[in-house]
Amino acid sequence: MSSLSRELVFLILQFLDEEKFKETVHKLEQESGFFFNMKYFEDEVHNGNWDEVEKYLSGFTKVDDNRYSMKIFFEIRKQKYLEALDKHDRSKAVEILVKDLKVFATFNEELFKEITQLLTLENFRENEQLSKYGDTKSARAIMLVELKKLIEANPLFRDKLQFPNLKNSRLRTLINQSLNWQHQLCKNPRPNPDIKTLFVDHSCGQPNGARAPSPANNPLLGSLPKAGGFPPLGAHGPFQPTPAPVPAPLAGWMSNPSTVTHPAVSGGAIGLTASSIPAALKHPRTPPTNPSVDYPSGDSDHVTKRTRPMGIPDEVNLPVNVLPVTFPGHGHSQTFNAPDDLPKAVARTLNQGSSPMSMDFHPLQQTLLLVGTNVGDIALWEVGSRERLVSKNFKVWDLSACSMPLQAALVKDPAVSVNRVIWSPDGSLFGVAYSRHIVQIYSYHGGDEVRQHQEIDAHVGGVNDLAFSHPNKQLCVITCGDDKTIKVWDATNGTKQYTFEGHEAPVYSVCPHYKENIQFIFSTAVDGKIKAWLYDNMGSRVDYEAPGRWCTTMAYSADGTRLFSCGTSKDGESFIVEWNESEGAVKRTYQGFRKRSLGVVQFDTTKNRYLAAGDDFCIKFWDMDNVQPLTSFDADGGLPASPRIRFNKDGSLLAVSTNDNGIKILVNSDGMRLLRTLENLSYDASRTPEAPKPAINPISAAAAATSAALADRSASVVAIAGMNGDARSLGDVKPRITEESSDKSKIWKLTEISEPSQCRSLRLPENLRVTKISRLIFTNSGNAILALASNAIHLLWKWQRSDRNSNGKATASVPPQLWQPSSGILMTNDVADTNPEEAVPCFALSKNDSYVMSASGGKISLFNMMTFKTMATFMPPPPAATFLAFHPQDNNIIAIGMDDSTIQIYNVRVDEVKSKLKGHSKRITGLAFSHVLNVLVSSGADSQLCVWNTDGWEKQKARFLQVPAGRTTAQSDTRVQFHQDQMHFLVVHETQIAIYETTKLECVKQWVPRDSSAPITHATFSCDSQLVYASFLDATVCVFNAANLRLRCRINPSAYLPAGVSSNVHPLVIAAHPSEPNEFALGLSDGGVHVFEPLESENKWGVPPPVENGSASSMAATPSVGAPGSEQAQR
């Protein structure tokens, strides 16, 4: 059906509703499937009309469409069943059980059995889970709340829950316009034509020379309003908004200083004066003609989108439901057409190489874009010529001048993210706020000349925001951080001017501003508090709540007259609001956000007129004077859930971050002309002898490096790369394969995968709250991937059954859904008082995928994987848990490795530590059970392996890892994993991969990388234990034969990371699919997760290397052979 035909259906629905054809309205809603009338659905549920409820739903979804739909139908049928039981109508209950509920048995047989058993109870409330079931009315109301959440989260209902914004009687109006046109075409039009039919075109029979009648006079228009003044306030009835009670107005604190002779913010600060606009005009709102009807009228359409009636002034005598009032100073004189004026065409795509976290255009040279990323890189782009002028990795300029907490943090984990980049007002400086303590100020001297200006150890923890301001005509830098403070620094010499204390949570953002001659700063904290500060030591002047009460940023319009904020709650609910500064109250709340945003939404303003936000994989726009969204663009696709966005100063360019670590530049017609001008200048310049040298791509530079240079790079250099700023050298470290000189090498050749076309790989949909993936696992069912990020948040991706994926298993061929329950809550670990980025995260999944046990430095949490609800928390630190493993025979018994080197055997059911195992000297880094040998193997940061008997928990054997000669390592994780035979286990250390026999605790095979190679970050067996997948710090992945640890395939970073990607990006963890031996997934340091499979035509990773000593089909065939490190020559 064409879009116009679809719109005609909406017009017919509106007409039928206005004419009170109620049953027909809902029948058309259901049959067309275009609009789901939630009000009608609620009424039918409240009335228990279950057949009509299911019939209405059937127009939009079927039971097995997706999990949301299944849950919707299940809840309805379960309620119908319980009501039959409550009436003691057993025959009806049995009928519902057999006809309606049995379909769900194939998905959850245990649940169906439990439901069936309710028939045996005299009162089903005897079942513990149903003990709180009240009466029928309250039960329906409770269920309805859940159903609404499911419907809103169900993608099949997307864009079907809101009726289009139409003016009243829109179909009548269109017909009337047609009749007017027909009348104008009459050869002899009469003044008052008598139109009696619509079945044939109108024509006047007698000549009289009259003009066409006005639409307002036509009897077909019926209820359309005539031009006139606003109705009295009382006419608004219940629709009149009531402002929320607020503390003392903002104007009060701004006028406090005795030196000020007039308030900094008057009642008319944003163009409103009480004397000139009656109270009734401040919140013009028009009630629908029938309050009980769900069809919104179009009365809120923006003034500039409509033709103005002739002879009617802007501010007076306008009918409410034709034009809203235009306030002085806010009106737009020109007629506006959204698609033409906003930057929407993709003109440039820049490959940044890591995920942009913050961007800012130069205030004067409007095509210069400054970018900061999630791995600490900063870049300066000339978007006109597509040239990257500057590229810098994070490094501390003067480590000796840094505080000890910062030095310790950098040694423990050198990974750093950029939280904010921003230019000074004149563009001579720019500042970078990092996730670790530091603010760096650079001076910019044109072209690619950037110099170090000031480095400030600003806050303990992360520096969350940064801004420039001019108090007392002196350029200052304002910072805020995790230590709950705001600080003001002299931008010239870096000395601290002020420290503002008063927030009770980490400060998320700052917004400096001035009114007349008063300078002040707004700040927001992650508990939702907004405070305001003058440049003195008198404390905060206000204390307000931000909508969402979590991560909020504030911004003024370019002319400084209007204040906005954008915030996202912990549950993913986002808000953009305009504030009334003089009252300290929310003036208007903008509509149109996704119900559950998948990241913290960023916003920006432009031209004193438009707001933009990155949400729901697109950019959404609003006119500042209209709460309804103006339009949205997806920038030709490829955007993350909550893209980062930034306008240039004149609003002609818009930078937006992409899923593949890139940036798209959107332009309007002015922006396209600007870029073409610069492109031509760049082309002309390149033809002159003085043409500037192009920027060197670090990847191509790395590829050009000589093998001698590679050989000189050692693991120790890599380990401190993040600290000394030479992180780019990580890209230079490539593992090399020296083929054996025997004749076998002529027959067999290592499979090298260097191009994306040589394998199947998929980067999973991202969540921008994530900085790096610390733990990763496929669910046991094989249809989902669970990740634990370093910020203590869990991410769950689920694959659905479809034509392309008939079994619903995880695959690199079909993208999954980043899944959340209908409640929108996240599984977030307790972090106590620790920084989760510095904690050792760990988790373990139950065998039936129902529960995950997890910790990120705080208490251990037990989560329900279906609802994401926290079932229990226990074991508060110290000591903190560092590794978790479920007992193979009893899910209630878990082994917990601790950071104090002990292992605690804990019974969840009775909340009791059964045994405490002591044998390691440093924190526990790995645990694995063998259900055949009845042992627990543990590994620690002390490079020691221990074997414990699970019957009495005595230590049977212990052995230190055989670290290759000449290799010195810092405290490094050692991981263990049992082979499928439950007799051998894999040991993973940054210096080696080894296979151990358990009973003797002997190393039977060991593979050691070459000295010049990057350290191993993680490794795992394939599900059939025939392969070992290993990841490296240089982002290479190697596939080994498990039987002899011979390398058979190498996947280079270029096969899955975009060209020019930051060399800081590397896999931290690798996970194998539970039933597909050739499928694995990587969790990366930039927060990405990639799934890999070989090409379908290959169906395996390379060819097995030649077998040296008999069969290599099982571990039993590989006795202890050779010296450790005998396979070293392979890499």
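The rules we used
Residues numbered from 1 in each chain as written. Predicted model: local features only at pLDDT ≥ 70, side-chain atom pairs only at ≥ 80, totals over all residues. Heavy atoms only, no water. Helix = DSSP H or I, 4+ residues; strand = E, 2+ residues; numbered from the N terminus. Buried < 20%, exposed > 50% of the residue type's maximum accessible area, 1.4 Å probe, protein only. Contact = heavy atoms within 4.5 Å. Areas by Shrake-Rupley, 256 points an atom, 1.4 Å probe, with all protein chains shown as cover. Axes fitted to C-alpha atoms, helices over the stretch in contact; angles between N-to-C directions. Parallel < 35°, antiparallel > 145°, perpendicular 65-115°, else oblique. Left-handed = near helix turned anticlockwise from the far one by under 90°. Nonpolar A, V, L, I, M, F, W, Y, C, P; charged D, E, K, R; others polar. Core = buried A, V, L, I, M, F, W, Y, C linked by side-chain atoms within 4.5 Å. Pairing = 2+ DSSP bridges. Arc of directions from axis to C-beta. Salt bridge = Lys/Arg side-chain N within 4 Å of Asp/Glu carboxyl O. Phe/Tyr/Trp six-rings, centres within 6.5 Å; stacked < 30°, edge-to-face > 60°. Lys NZ or Arg CZ within 6 Å of the ring centre and 35° of its normal. pLDDT = per-residue confidence, 0-100.

K.L.:
Hey, could you go over the overall build of the chain for me, with residue numbers and the actual values?
P.N.:
Counting its secondary structure elements, the chain contains 19 helices and 57 strands. Within the chain, the fraction of its 1131 residues that count as buried is 53%. Of the contacts formed within the chain by residues at least 6 apart in sequence, a portion of 56% connects residues at least 24 apart. For the chain, the accessible area works out to roughly 49000 Å², and carbon and sulfur atoms hold 51% of it.

K.L.:
For the packing of helix α5 (residues 67–86) against helix α6 (residues 90–101), give the residues involved together with the corresponding values.
P.N.:
Running from N to C, α5 and α6 point in directions that differ by 165°, and their axes come no closer than 8 Å. Taken together, the axes of α5 and α6 lie roughly antiparallel to each other. The handedness of the crossing between α5 and α6 comes out as left-handed. Contact with α5, carried on its side by Phe-74, Arg-77, Lys-78, Lys-80, Tyr-81, Ala-84 and Leu-85, involves Arg-90, Lys-92, Ala-93, Ile-96, Leu-97, Asp-100 and Leu-101 of α6 and no other residues of that element. Tallied by class, the residues present in the contact of α5 with α6 amount to 8 nonpolar, no polar and 6 charged.

K.L.:
Before we move on, can you summarise the nonpolar core with the specific residues and values?
P.N.:
Core analysis: the biggest nonpolar cluster contains 53 residues, and Phe-36, Phe-41, Leu-57, Tyr-81 and Leu-101 have the highest contact counts within it. Only α3 (38–46), α4 (50–57), α5, α6, α7 (109–117), α8 (136–153), β32 (784–789) and β35 (842–845) provide two or more residues apiece to this core. Sort the elements by how many residues they give to this core and α5 lands first, with 10 residues. Non-local contacts of Leu-57, meaning those with residues more than four positions away in its chain, are made with Phe-36, Phe-41, Ile-72, Phe-73, Ile-76 and Phe-157. Ranked by size, the runner-up nonpolar core spans 22 residues in total, among them Leu-368, Val-396, Val-416 and Val-450.

K.L.:
Residue-level account of the sheet that holds strand β57 (residues 1089–1094), with values.
P.N.:
Strand order across the open sheet formed by 4 strands is β30-β57-β56-β55, with antiparallel pairing between neighbours. At either margin of the open sheet sits one strand with a lone partner, and together these are β30 (759–763) and β55 (1067–1072). Geometrically, the sheet is characterised by an average inter-axis angle of 20° between neighbouring strands, direction not taken into account. One ladder, built from 5 bridges, connects β55 with strand β56 (residues 1080–1084); its direction is antiparallel. Its bridge partner lying in β56, Ile-1070 is registered against Leu-1082.

K.L.:
Give me helix α13 (residues 404–412): which residues, what numbers.
P.N.:
For α13, the set of buried residues is Leu-406, Gln-407, Ala-409 and Leu-410. Taken end-on, α13 shows its buried residues confined to a sector of 165°, consistent with a single buried face. Away from the buried face of α13 by more than 90 degrees, exposed residues Met-404, Val-411 and Lys-412 are located.

K.L.:
So what's going on with the sheet that holds strand β20 (residues 574–580)? Residues and values would help.
P.N.:
Backbone-to-backbone hydrogen bonds pair the strands of a sheet. The strands run either parallel or antiparallel. Taken together, 4 strands build an open sheet; the order of strands is β18-β19-β20-β21 and the sheet is antiparallel. Of all the strands in the sheet, just β18 (551–556) and β21 (585–590) have a single pairing partner and so form its edges. Neighbouring strand axes in the sheet, compared pairwise and without regard to direction, differ in orientation by 30° on average. Bridge analysis of β20 against β21 gives 5 bridges, and the strand direction is antiparallel. Across the sheet, Glu-578 pairs through a bridge with Arg-588, a residue of β21.

K.L.:
Could you give an account of the pattern of salt bridges, with specific residues and numbers?
P.N.:
For the structure shown, the criterion picks out 34 salt bridges. The partner of Lys-62 in a salt bridge is Asp-65, with the nearest N and O atoms 3.5 Å apart. A salt bridge links Asp-86 to Arg-125; the nearest nitrogen and oxygen atoms lie 2.9 Å apart. Of this pair, Asp-86 sits in helix α5 while Arg-125 sits in the loop between α7 and α8, and the two are 39 residues apart along the sequence. Taken together, the salt bridges that share partners define one network made up of Arg-562, Glu-578, Lys-587, Arg-588 and Asp-625.

K.L.:
Which residues make up the environment of Asn-472, and what values go with them?
P.N.:
Relative to the helices and strands, Asn-472 resides in the loop between β10 (463–469) and β11 (476–481). With relative accessibility at 63%, the residue Asn-472 sits in the exposed group. Between the C-alpha atom of Asn-472 and that of Tyr-535, which follows or precedes it by 63 residues, the distance is 9.2 Å.

K.L.:
Could you give an account of the packing of aromatic side chains, with specific residues and numbers?
P.N.:
The tally for this structure, following the rule as stated, stands at 36 aromatic pairs. The interplanar angle of 75° and the centroid separation of 5.1 Å between the aromatic rings of Tyr-40 and Tyr-56 together place this pair among those described as edge-to-face. Of this pair, Tyr-40 sits in helix α3 while Tyr-56 sits in helix α4; the two residues are 16 residues apart in sequence, bridging distant segments of the chain. Across the pair, exposure class does not vary: Tyr-40 and Tyr-56 are buried alike. Geometrically, the ring pair formed by Phe-621 and Phe-633 is tilted, given 5.3 Å between the ring centres and 55° between the ring planes. Pair noted here: Phe-621 is in strand β24 (residues 618–623) and Phe-633 is in strand β25 (residues 629–633), with a separation of 12 residues, a long-range link. Each member of the pair, Phe-621 together with Phe-633, is buried. Three or more aromatic residues link up through ring pairs in this structure, and these residues are Phe-36, Tyr-40, Phe-41, Tyr-56, Phe-60 and Phe-157. Positioned over the ring face of Phe-34 is Arg-6, at 4.8 Å from the centre of the ring.

K.L.:
Quick rundown of the confidence of the model for the chain? Include the residues and the values.
P.N.:
Model confidence for the chain is summarised by a mean pLDDT of 78, while 78% of its residues fall at 70 or above. In this model, residues 683–745 is a region of pLDDT below 50 whose contacts with residues beyond four sequence positions or in other chains number 97 contacts. The model gives residues 1109–1130 a pLDDT under 50, and that stretch makes 42 contacts with residues more than four places away or in other chains.

K.L.:
How would you summarise the pairing of strand β3 (residues 368–373) if you had to cite specific residues and measurements?
P.N.:
In terms of burial, β3 is largely enclosed, as 6 of its 6 residues are buried. The alternating pattern of β3 places Leu-368, Leu-370 and Gly-372 and Leu-369, Val-371 and Thr-373 on opposite faces, both of which are buried. Hairpin connection from strand β2 (residues 356–361) to β3: 6 residues lie between these consecutive antiparallel strands. Pairing of β3 with strand β4 (residues 378–382) involves 5 bridges; the strand directions are antiparallel. Within β4, the residue paired with Leu-369 across the bridge is Trp-381. The hairpin turn running from β3 into β4, its antiparallel successor, is 4 residues long, and Gly-376 in that turn takes a positive phi close to 90°.

K.L.:
Tell me about helix α2 (residues 22–32), and name the residues and values.
P.N.:
Residues of α2 that are buried: Val-25, His-26, Glu-29 and Gln-30. Down the axis of α2, the sector holding all buried residues measures 125°, keeping them to one side. Along α2, the residues that are exposed and aim more than 90 degrees away from the buried face are Glu-23 and Glu-31. On the buried face of α2, the contacting elements are α1 (3–18), α3 and α4. Backbone geometry just downstream of α2 places Gly-33 in the positive-phi region, at approximately 70°.

K.L.:
Requested: an account of the packing of α3 against α8, with residues and values cited.
P.N.:
Any two packed helices are characterised by how steeply their axes cross, that is the angle between the axes, and by the distance between the axes. Two numbers describe how α3 lies on α8: the axes approach to 10 Å, and their chain directions differ by 150°. Taken together, the axes of α3 and α8 are roughly antiparallel relative to one another. α8 is crossed by α3, and the crossing has right-handed handedness. Counting all contacts with α3, which are made through Met-38, Phe-41, Glu-42, Val-45 and His-46, the residues of α8 involved are Arg-140, Ala-141, Met-143, Leu-144, Leu-147, Lys-148 and Ile-151. Here the residues of the contact of α3 with α8 are counted per class, giving 8 nonpolar, 1 polar and 3 charged.

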